[in-house]
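Fold and contact review
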Amino acid sequence: MAPMTRSFSRDGIPGDNVASYYRRRAAAGVGLILSEGTVIERPASRNDPSVPAFHGDTSLPLGAASSRACTGGGKMGPQLWHVGAMPDKRISWTPNVPVESPSGLVAPGIARGEAMSDAAIADTIAAFARAAAHARRLGFDTLELHGAHGYLIDQFFWDATNKRSDAYGGKSLKERSRFAVEVIRAVRAAVGPTSPSSFA
Ligand SMILES: Cc1cc2nc3c(=O)[nH]c(=O)nc-3n(C[C@H](O)[C@H](O)[C@H](O)COP(=O)(O)O)c2cc1C
């Protein structure tokens, strides 16, 4: 089951309604569930107050949904997400902290967000790793990193949104992939060599 944002977690806190949504899919025989995008511990990682946070006690109901007893042998992993400067076009909501992006751009020629400092980048990578360790602790079988659809990791990939002149930017896709590579390395270090993970 592909990750699908649902926006049913008021103030970022998934309730038992969220856990039971996944349990019903597992009970109906879904073999591998990837959760809706769940955001890492950064002040502006979400663009909708109703998407679930994936840190602290708030994510426990998601973890409960993943337990073997609930999935009946099926597997489940959270999708770890940071939206970068991408707004949610369905709602007019912004976090009460500055939105962040690689170069203060959300699309070609469209300014949004503050260009991330080295410290912000380092903390974001660490936050992905903490979320990955959290997934292990909660009993998930796998995890997925959201690296597509114009969100933060994807904003680093594209020359039109990544104009950085430091080690996280460059003319080639290989150079602009450095942020993603460092996230993957940190996540791998956090979950160990045997845990499967994917990159969407
Ligand atoms: C309502 C809705 C919410 C979605 N939310 C996410 C999401 O949170 N993360 C993600 O990677 N993809 C999201 N997607 C994309 C889906 O995971 C999937 O890639 C897309 O629907 C194409 O599926 P298909 O390749 O099976 O046709 C969403 C799609 C829909 C319809």
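Residues numbered from 1 in each chain as written. Predicted model: local features only at pLDDT ≥ 70, side-chain atom pairs only at ≥ 80, totals over all residues. Heavy atoms only, no water.

**Digging into the site of the ligand**
Taken together, the neighbourhood of the ligand is formed by Ala2, Pro3, Met4, Thr5, Gly37, Gln79, His146 and His149. At a separation of 2.6 Å, an oxygen atom of the ligand approaches a polar side-chain atom of Thr5. Against a free-state accessible area of 620 Å², the protein chains account for coverage of 43% of the ligand. Across the shell around the ligand, the residue classes tally to 3 nonpolar, 5 polar and no charged. (Near = heavy atom within 4 Å. Polar contact = N/O pair within 3.5 Å; in protein donor to acceptor, adjacent residues only side chain to side chain. Areas by Shrake-Rupley, 256 points an atom, 1.4 Å probe, with all protein chains shown as cover. Nonpolar A, V, L, I, M, F, W, Y, C, P; charged D, E, K, R; others polar.)

**Topic: the packing of helix H4 (residues 118-138) against helix H7 (residues 178-191)**
The geometry of H4 relative to H7 is characterised by a closest axis approach of 8 Å and an angle of 35° between their N-to-C directions. Here H4 and H7 pass one another in a crossing that is right-handed. Touching Ile121, Thr124, Ile125, Phe128, Ala129, Ala132, Ala133 and Arg136 of H4 are Phe179, Glu182, Val183, Ala186, Val187, Ala190 and Val191, all from H7. (Axes fitted to C-alpha atoms, helices over the stretch in contact; angles between N-to-C directions. Helix = DSSP H or I, 4+ residues; strand = E, 2+ residues; numbered from the N terminus. Left-handed = near helix turned anticlockwise from the far one by under 90°. Contact = heavy atoms within 4.5 Å.)

**Focus on unusual backbone geometry**
Leaving glycine aside, a negative phi is the common case for residues, and trans is the common case for peptide bonds. Even without glycine at this site, Ser7 takes up a positive phi of about 60°. Secondary-structure assignment places Ser7 in the segment before helix H1 (16-27). A positive phi is found at His149, a non-glycine position, where the angle reads about 60°. For His149, the position within the fold is in the loop between strand E7 (143-145) and helix H5 (152-157).

**So, the pairing of strand E1 (residues 32-39)**
E1 sits mainly inside the fold: 7 of its 8 residues count as buried. Where E1 meets strand E2 (residues 75-81), 6 bridges bridge the pair, whose relative direction is parallel. Residue Leu32 lies in a different strand from E2, and its bridge partner there is Lys75. (Buried < 20%, exposed > 50% of the residue type's maximum accessible area, 1.4 Å probe, protein only. Pairing = 2+ DSSP bridges.)

**Some details on the environment of Arg24**
Along the polypeptide, Arg24 turns up in helix H1. For Arg24, a relative accessible area of 51% puts it in the exposed group. Taking the C-alpha atoms as reference, Arg24 lies 16 Å from Phe8; in sequence the two are 16 residues apart.

**Some thoughts on the side chain of Asp154**
Relative to the helices and strands, Asp154 resides in helix H5. We note that Asp154 is buried and unpaired, the nearest opposite charge coming from Arg176 at a distance of 9.2 Å. Setting aside its immediate chain neighbours within four residues, Asp154 contacts Gly147, Ala148 and His149. (Lys, Arg positive; Asp, Glu negative; His and termini not counted. Salt bridge = Lys/Arg side-chain N within 4 Å of Asp/Glu carboxyl O.)

**So, the pattern of salt bridges**
Within this structure, the stated rule accounts for 9 salt bridges. As a salt-bridge pair, Asp16 and Arg23 come within 3.1 Å of each other at their nearest N and O atoms. For Arg23, a relative accessible area of 25% gives the class partly exposed. We note a salt bridge from Arg42 to Asp123, for which the minimum N-O separation is 2.9 Å. Remark: Asp123 occurs in helix H4 and Arg42 occurs in the loop between E1 and helix H2 (60-66); sequence separation between them is 81 residues. With relative accessibility at 16%, the residue Arg42 sits in the buried group. In the salt-bridge network here, residues are joined through shared partners; they are Arg42, Glu100 and Asp123.

**Focus: empty space enclosed by the protein**
Enumeration according to the criterion identifies 1 cavity of 30 Å³ or more in this entry. As a volume, the largest cavity reaches approximately 40 Å³. (1 Å grid on protein atoms, 1.4 Å probe; cavity = no way out; pocket = protein on both sides within 12 Å on 5 of 7 lines; lining within 4 Å. Points joined across faces, edges and corners; volume = space filled by probe spheres on them.)

**Concerning H4**
For H4, built from 21 residues, the straight-helix expectation of 30 Å at 1.5 Å per residue is met to within 8% by its first-to-last C-alpha distance of 30 Å. Every buried residue of H4 is listed here: Ala120, Ile121, Thr124, Ile125, Ala127, Phe128, Ala129, Ala131, Ala132, His134, Ala135 and Leu138. Where the residues of H4 are buried, they touch H2, E2, strand E3 (100-101), E7, H5 and H7. Gly139 sits one or two positions beyond H4 and adopts a positive phi of about 95°. (Expected span 1.5 Å × (residues − 1).)

Read these as layout, nothing more, since geometry by itself doesn't imply function.
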